[in-house]
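What follows is the residue order along each chain.
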Amino acid sequence: MSERAAPPGRLALVQALVNTLDIESGADALDTADGRAPFGLTEDTAASARELRESLRATLLAHAGHPPHRAVPPLGELLARAPLVVTVDPADGSAALAPVDDGPLLSRVAAAVAEAVTAGTWNRLKACEAADCHWAYYDRSPAGRGRWCSMQVCGARAKMRRYRAKGA
């Protein structure tokens, strides 16, 4: 849906997971084997991935200054279950958190969040404020005040609603 560029680093994984659900149509990519494949999920692991996805969505809404879309487990509680290891690059000594053995989706997401927090990019990943969208996008605006995943779609709809409300 979004014409925005992909987020930096491993945040693309987080964005892709959140965007597996089209709220407007109700289509959930995690319902199909093809939709689960990019995340290494099976039908048995899809339910926990959905729980993680909606907890991420609530957090991304908070990044944009909006309340959660529904009650979800706190993201910190979910990520605390992720098996991670500290890796150290022998060439430059840089350290990072990484999933154990390329681990499950939860570990990969936790490592992506840790990387983004360290890089200062985590709070720029947001969820669109449109109630029928909540698509994840990376806010590259100078002030960090982007509101919609797409100015051409969600932004235009919001502006048109405000315009119509003034005339009523």
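Within any chain, residue numbers begin from 1 and follow the written order of that chain's sequence. pLDDT decides what is reported in this predicted model: residues at 70 or higher carry local features, side-chain atom pairs at 80 or more are listed and counted, and totals for whole chains, interfaces and linings draw on all residues regardless. Each side-chain value is derived from all of the structure's non-hydrogen atoms; neither hydrogens nor water enter the calculation.

A.B. asks: Lay out the overall build of the chain in plain terms, naming residues and giving numbers.
C.D. replies: Looking only at helices and strands, one finds six helices and six strands in the chain. A run of DSSP states H or I qualifies as a helix once it reaches four residues; a run of E qualifies as a strand once it reaches two. Both are numbered from the N-terminal end. For the chain, the α and β elements follow one another from N to C terminus as α-β-β-α-α-α-β-β-α-β-β-α. For every residue, the accessible area (1.4 Å probe, protein chains only) is compared with the maximum for its type, and the residue is labelled buried under 20%, exposed over 50%, or partly exposed between those bounds. Taking all 168 residues of the chain together, the buried fraction comes to 39%. Pairs of residues are marked as contacts when any of their non-hydrogen atoms sit within 4.5 Å. Expressed as a percentage of contacts within the chain between residues at least 6 apart in sequence, the contacts between residues at least 24 apart total 51%.

A.B. asks: Residues and numbers for the packing of helix H3 (residues 46–63) against helix H5 (residues 105–119), please.
C.D. replies: At their nearest, the axes of H3 and H5 sit 10 Å apart, and the two run at 20 degrees to each other. When the axes of H3 and H5 are compared, the pair comes out roughly parallel. As H3 packs across H5, the resulting crossing turns out to be right-handed. Listed contacts from H5 to Ala49, Leu52 and Leu56 of H3 are Leu105, Leu106 and Val109. When residues are grouped by polarity, Ala, Val, Leu, Ile, Met, Phe, Trp, Tyr, Cys and Pro land in nonpolar, Asp, Glu, Lys and Arg in charged, and all others, Gly among them, in polar. A breakdown of the residues in the contact of H3 with H5 according to their chemical character gives six nonpolar, no polar and no charged. To define axes, lines are fitted to C-alpha atoms, for helices over the stretch in contact only, and angles between the resulting N-to-C directions are given on a 0 to 180 degree scale. Angle categories are assigned with fixed cut-offs, so that under 35 degrees is roughly parallel, over 145 is roughly antiparallel, 65 to 115 is roughly perpendicular, and the rest are oblique. A crossing counts as left-handed when the near helix is turned anticlockwise from the far one by less than a right angle, and as right-handed when that turn is clockwise.

A.B. asks: Lay out the environment of alanine 27 with the relevant residues and their values.
C.D. replies: Mapped onto the fold, alanine 27 is located in strand S2 (residues 27–28). In this structure alanine 27 comes out as partly exposed when scored by relative accessible area, which is 44%. Dropping the residues within four chain positions of it, alanine 27 is found in contact with Thr20, Leu21 and Asp22.

Function cannot be inferred from these measures alone, as they are strictly geometric.
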